[in-house]
Amino acid sequence: MAMPVRPPLALALPLSLFLFALGYIAFTLSLDVERMIGDDAGYDPGSRIVPLTVALILAVTMLWEALKARHGATASAEHGGEAGVEPAPRLLALHVALAVAFVVLFRPLGFILASTLLLYGLTLLNLRHVTHRIGMLGGLAGLAGLAVALAYATALYSLARGTIRAGFWLAREHGATLAREPNAQALCVALALALAMLLAGQALRRLIADPQRRLLIQVSVGATMAVYVVFRLLFLVQLPAGLLSW
Amino acid sequence: MHDLAAGLQLILSIETLLWIAAGSILGIVLGALPGLSATMGVALMLPVSFHLPTATGVAMLLAVYAGAVAGASIPAILLGTPGNPNAIATIADGLKMAKQGRAGLALGSAALASLIGGLFSLIVLMSFAPLLARATLLFGPVEKFGLALLGLTLIASISGGQVVRGMAMAAFGILLALLGSDPYTNAPRMPFPEIFARTPLHNGIELIPALIGLFGVSQALVDLERLKAPRPAVPALRLRNLFPSAARLKRMWRVLLESSGIGTLVGMLPGAGASIAVFLAYDRARALTHTPDSGLESTGSGSVEGVMAPESANNAVTGGAMVPVLTLGIPGDAATAVVLGALMIQGVVPGNELFMHNMPLVYAIFIGMAFALVAMFAFQLIGVRLFPHILRVPLSLLIPLVLLLSLVGTFAVDGQAVTKATYNMGVALAMGLIGYAIKKAGYPLVPLVLGLILGAMLEDNYRLAVKLARGDQWVFFQSPILLGMLALIALILFLPRLKRAGILRGARP
Amino acid sequence: MRPSKTQATLLAATLLVAAPNMPALAQDWPNEELVISVIVPHAAGGGTDSAIRPLVEEMRQHLPARLQVANIGGAGSAQGTDELLSRPADGYSLLIAGTHTIGATMQGLTEGYHELEQVAALNWDAFIVAVLADRPYTTFAELVEAAQEEPGTLCLGNAGMGGATGIASVAINLAFDHAFNVTPFDGGQNLRTDVLGGRCEAGIFSQSELLSNLDDFQPLAILTDERSTLEAFREVPTLAEAGFDNLEVPGGSFRSIAVRAGTPDEAKQALAEAIGAAYESDAYQRFMQEQGIISTFSVLDEAQAYFDELVAGYEPVVREAGLYRE
């Protein structure tokens with residue numbers, strides 16, 4: 001029995017877009033024609049004409065390209081023969097999977113935990129891909145590092161929250177309105193976190209031997225906290241708290 | 001001038017200057033790192049700009065862009081690899097100069113050229129835009145439709161010489177943009193209503209998540225293939241004599257003027273960007289420097305002219321590209337498409353209205369751009385010293401960071417509408433995957449983006465034009481402006497074919 | 001104050017259970033850490049937006065929480081309204097409602113006022129029918145005559161069908177037997193550009209939209225019952241004075257602040273107080289005077305009653321125009 005052959009992208013893309021265009025045409029025809037409200041004389045050409053025309057253009061062009069690809073005449077991707085550039089399908093799939101998990105878990109887990117997880121996980125996968133060193137980075141050691149990173153992030157987050165609460169308290173009880181200004185709070189929290197991370201660095205040195213793993217933890221947690229300061233404190237974006245509901 | 005003072009007030013604050021500085025630094029770093037594109041940087045900063053006052057946000061985005069364009073010259077000169085396509089033409093002379101031990105001069109000249117090109121195009125922008133904006137009073141629905149069509153055709157035909165693919169991508173973008181609801185009756189226009197009606201997606205695909213997905217996520221995924229690329233060794237730098245002498249600069253005035261002019265003009269054409277401008281400028285510089293008695297160093301020999309020409313052109317593209325953005329709402333290139341997106345979500349309506357009723361904002365943007373250029377110049381020189389350290393930042397970390405910023409940034413744009421924001425993250429991811437597939441198949445991405453941005457403009461104005469003409473579909477051929485644009489479209493589509501048939505004697509292909 | 005460890009754990013546990021159901025932390029409204037967003041369902045720089053931002057500026061001084069204006073335009077005012085209706089009814093999202101909400105809801109574009117509670121009734125911006133200064137018509141009657149000569153030829157533009165100008169234009173068109181080509185534009189700014197450019201003969205504008213181009217336009221009639229308070233438009237006749245006193249047409253754009261139905265009373269009370277204080281401020285009063293905006297301030301129950309009356313008044317007009325959809 002012949003193995004099913006996966007068509008290369010140069011054929012798959014125009015083919016799928018061709019089908020998309022056909023589907024779009026069918027879909028547009030299935031809708032009623034809409035005209036502007038109050039258009040008694042029917043001057044409005046209607047809601048179908050532009051989508052149909054454009055979909056037709058897409059269908060024709062993609063059919064053309066699909067036929068060209070079928071006859072093997074097309075050149076494909078950009079990177080040709082650059083040193084060290086090679087496709088990495090498994091890594092890509094893992095990245096996509098983790099990114100999807102991130103989006104799904106963003107609200108239940110909360111920003112801090114989800115982001116730390118994403119950064120740590122993806123960077124770990126990348127490092128393994130590059131160095132092929134399973135021992136130091138993979139398996140149990142990797143998971144343990146993740147646990148440390150998550151706990152670390154939670155601790156830093158709590159510190160940040162404490163600082164913010166203190167600021168609001170100062171403003172409320174002692175009239176120091178500066179303490180609840182977004183910029184001021186962001187600055188205070190940034191300083192507090194930086195200090196904490198310096199101290200934590202010392203603690204980590206005693207906990208984990210491998211410098212690369214230490215760096216991985218520091219960077220993934222640090223980047224998460226930096227994004228938190230910028231978006232939550234400076235821009236007042238309501239990042240979901242998730243599990244860390246304090 | 002009251003408006004100018006008001007504009008100054010909008011932009012002159014410590015906070016703004018800090019953001020512009022931060023944007024420049026980020027841009028230069030992004031530009032210097034091979035494998036990360038300038039447009040990606042601008043797209044990632046879009047959510048940040050959304051939360052800043054309009055002028056500050058736009059200036060910051062342009063600072064990122066200008067920085068990335070300029071920063072790309074650093075690895076081009078030192079390593080022979082461009083940080084992004086903006087610096088492809090800088091390699092020829094830049095690398096030679098580095099090998100001759102004149103890396104410092106090359107880097108300094110590149111920075112200076114970037115500043116000159118950027119300022120030149122800013123001046124053109126400042127003079128030309130208000131005039132053009134006044135002329136847009138003549139642009140009604142008929143002409144706006146023509147403009148959207150012109151922009152889309154241009155980008156389709158300029159994209160790497162593959163007109164059919166460009167057209168297809170533009171069409172795809174338009175179709176995606178039209179999904180959601182009818183612009184005039186709000187009637188739903190989404191397939192599978194059972195699935196989508198409850199979700200925020202019943203409004204169709206939003207522009208910002210799509211932009212971030214197409215430029216941010218897809219680039220990060222593509223870069224996964226570069227993880228194993230060897231990290232290049234940076235030669236030891238002796239940074240003295242960074243700039244050419246004043247007398248030298250005076251001798252090259254024509255090279256500088258023409259390169260900046262080329263960059264500005266190319267930028268003004270919707271869809272055409274720096275990759276074209278740099279080669280045109282380099283060619284021009286070659287012609288100018290190879291004439292005997294020009295007193296200039298010939299390009300190709302490791303000449304300062306050969307570095308400054310493309311570098312001034314690529315930064316001049318930015319100012320030029322802002323002309324159609326501010327006056328007509330049509331992007332000049334991919335990065336300014338993102339800037340246009342930023343203006344749109346801030347509710348700024350480009351065109352006559354902007355220049356008639358919101359001049360303070362326009363002035364603020366201009367002044368911000370000037371600051372951005374100065375910051376770019378200042379930080380680029382610092383960036384050169386730090387370059388070896390910048391290169392050490394591993395791609396293994398950068399890719400996840402870009403993914404995180406793309407997704408969280410998308411979320412951040414919708415702030416309190418948590419459900420919508422979460423769905424938008426999914427949209428960004430999905431568009432990222434589509435963008436990845438498109439890039440891998442060798443199809444151009446920019447027409448898709450333009451289709452997304454201009455799709456609504458195309459349909460809304462088509463219907464409005466015919467409605468105003470009382471149902472007469474031939475109204476489009478009664479407008480002289482539109483006929484002119486159609487002629488331009490035809491010219492652009494058929495020019496390559498005419499050239500090939502030898503009918504036209506033109507510049508070398 | 002930082003809770004002790006046991007307290008923190010208990011709190012965390014309780015919140016973990018309760019969190020999905022809680023719209024905001026159990027604290028005095030407003031929680032100063034949260035942001036109150038004011039949704040303006042039109043593009044920035046438009047008539048509604050320009051009239052509201054000064055008020056929001058003043059409000060910042062009377063509310064401990066932070067205020068942010070969000071412009072969400074589209075489909076008249078339907079998209080911005082829908083956005084509000086998708087958010088929790090906790091008082092942290094406000095909608096600038098008004099006649100545009102009534103218009104959009106009655107035409108079936110959104111659930112609109114069926115799910116809204118009025119917090120404060122604000123003010124009115126009168127509608128003025130205007131043409132370019134160089135046009136031959138000097139009165140509203142002449143414009144109608146010119147339209148009736150060739151029915152469907154003369155364009156009568158509005159700022160979007162979802163809004164009150166849309167309904168007004170259709171109502172006028174009906175009264176004169178479909179003499180005009182009623183055309184919706186995407187907002188007052190686009191309407192102004194196309195009338196200025198000569199592509200549409202006449203437009204129904206908000207008074208404030210004409211202020212910046214006084215010389216270019218010729219106002220023919222003001223749609224409110226009384227003449228304008230502004231010097232520049234003192235001479236413009238009302239419809240009744242122009243000889244059309246039986247014309248039932250929305251007279252202007254009314255604005256109010258509303259929240260989603262079910263918002264706790266505590267939040268509404270606090271909001272009403274803050275809005276009131278901001279409204280009465282010198283700065284805002286002066287602003288309204290300069291723009292010729294007609295003040296009709298009231299809060300809570302009174303505001304709701306006022307709004308309901310408006311709805312009742314609109315219904316026959318919208319039905320007449322054939323625009324009413326459930």
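Everything quoted here is computed from the prediction, not taken from an experiment.

Below, the discussion takes up the overall build of chain A. In terms of regular secondary structure, chain A is built from eight helices and zero strands. The order of helices and strands in chain A, counted from the N terminus, is α-α-α-α-α-α-α-α. Counting every position in chain A, which comprises 246 residues, the buried fraction comes to 35%.

Broken down by element type, chain C carries eleven helices and ten strands. Relative to the compact-globule value of 20 Å for 326 residues, chain C shows a C-alpha radius of gyration of 22 Å, a close match. In terms of overall dimensions, chain C has a C-alpha envelope of 85 × 40 × 35 Å along the principal axes. Going through the 326 residues of chain C one by one, you find that 51% of them count as buried.

The next thing to look at is the domain arrangement of chain C. Residues and elements named next belong to chain C. As far as domains go, chain C holds domain 1 (34-125 + 252-320) and domain 2 (126-233). Relative placement of domain 1 and domain 2: their C-alpha centres are 25 Å apart. Taken residue by residue, the interface counts 28 residues in domain 1 and 24 residues in domain 2. Listed by contribution, the elements that provide at least two residues to the side of domain 1 that touches domain 2 are α2 (47-59), α4 (99-106), β4 (116-132), β9 (252-260) and α11 (300-320). Considering each element in turn, the side of domain 1 that touches domain 2 owes the most residues, four residues, to α4. Of the residues in the side of domain 1 that touches domain 2, the class split is ten nonpolar, 16 polar and two charged.

Now for the pairing of β4 of chain C. Residues and elements named next belong to chain C. In terms of burial, β4 is largely enclosed, as 15 of its 17 residues are buried. One ladder, built from nine bridges, connects β4 with β9; its direction is antiparallel. Bridge pairing links Q118 to A258 in β9. By the bridge criterion, five bridges tie β4 to strand β7 (residues 202-206) in an arrangement that is antiparallel. Pairing of I128 across the sheet is with F205, part of β7. Judged from the five bridges that link them, β4 and strand β8 (residues 217-222) form a sheet pairing that is antiparallel. Of the residues in β8, the one forming a bridge with L132 is F217.

By the assigned domains, chain A splits into domain 1 (9-34 + 46-70) and domain 2 (98-234). Each of domain 1 of chain A and domain 2 of chain A has a C-alpha centre, and these two points are 46 Å apart.

With that settled, consider the interface of chain A and chain B. Taken together, the contact between chain A and chain B spans 64 residues of the former and 57 residues of the latter. Of the residues contributing to the side of chain A that touches chain B, the split by class is 45 nonpolar, twelve polar and seven charged.

For the rest of this paragraph, the subject is the environment of L17 of chain A. For L17 of chain A, the location among the structural elements is in helix α1 (residues 9-30). Classification of L17 of chain A as buried rests on a count of 26 C-beta atoms within 10 Å. For the pair L17 of chain A and T61 of chain A, spaced 44 residues apart in sequence, the C-alpha to C-alpha distance is 9.5 Å. In contact with L17 of chain A, not counting residues within four places along its chain, are L58 and M62 of chain A together with A168 and F172 of chain B.

This part covers the pairing of strand β6 (residues 180-184) of chain C. Residues and elements named next belong to chain C. Burial runs high along β6: five of the five residues are buried. Both faces of β6 are covered, namely the face carrying F180, V182 and P184 and the face carrying N181 and T183. Direction of pairing for strand β5 (residues 154-158) relative to β6: parallel, over a ladder of five bridges. Looking at β6, one finds that G157 is bridged to T183. On the question of chirality, the crossover connecting β5 to the parallel β6 by way of helix α6 (residues 164-175) is right-handed.

All names here are of chain A. With respect to the secondary-structure elements, G167 resides in helix α6 (residues 139-174). Taking the number of C-beta atoms within 10 Å as the measure of exposure, G167 has 20 and is therefore buried. Each residue touching G167, except ones within four places of it in the same chain, is listed here: A179, R180, Q185 and C188.

Of all nine residues making up helix α7 (residues 188-196) of chain C, eight are buried, and the element is well covered by its neighbours. Those residues of α7 of chain C lying buried are G188, Q189, N190, L191, R192, T193, D194 and V195 of chain C. Residues of α7 of chain C that are buried in the fold lie against α17 (352-357) of chain B together with α2, β4, β5, β7 and α8 (207-210) of chain C. At the exit of α7 of chain C stands G198 of chain C, carrying a positive phi of roughly 80°.

The next subject is the confidence of the model for chain A. Residues and elements named next belong to chain A. On average, chain A scores 84 in pLDDT, and the residues at 70 or more come to 89%. The least confident element of chain A, judged by mean pLDDT, is helix α5 (residues 134-137) at 51; the most confident is helix α3 (residues 89-109) at 93. Contacts for the low-pLDDT stretch residues 1-6, under 50 throughout, to residues beyond four places or in other chains number zero contacts. Low pLDDT (under 50) marks residues 76-81, which in the prediction has nine contacts with non-local residues, meaning those over four places away or in another chain.

Quick notes on the rules
Residues numbered from 1 in each chain as written. Chains lettered and ligands numbered in written order. Predicted model: local features only at pLDDT ≥ 70, side-chain atom pairs only at ≥ 80, totals over all residues. Helix = DSSP H or I, 4+ residues; strand = E, 2+ residues; numbered from the N terminus. Buried ≥ 20, exposed ≤ 12 C-beta atoms within 10 Å, placed from the backbone. Rg over C-alpha atoms; globule rule 2.2 N^0.38 Å. Domains from an automatic or database assignment. Contact = placed C-beta atoms within 7 Å. Nonpolar A, V, L, I, M, F, W, Y, C, P; charged D, E, K, R; others polar. Pairing = 2+ DSSP bridges. Right-handed = clockwise from strand over helix to strand, strands pointing away. pLDDT = per-residue confidence, 0-100.

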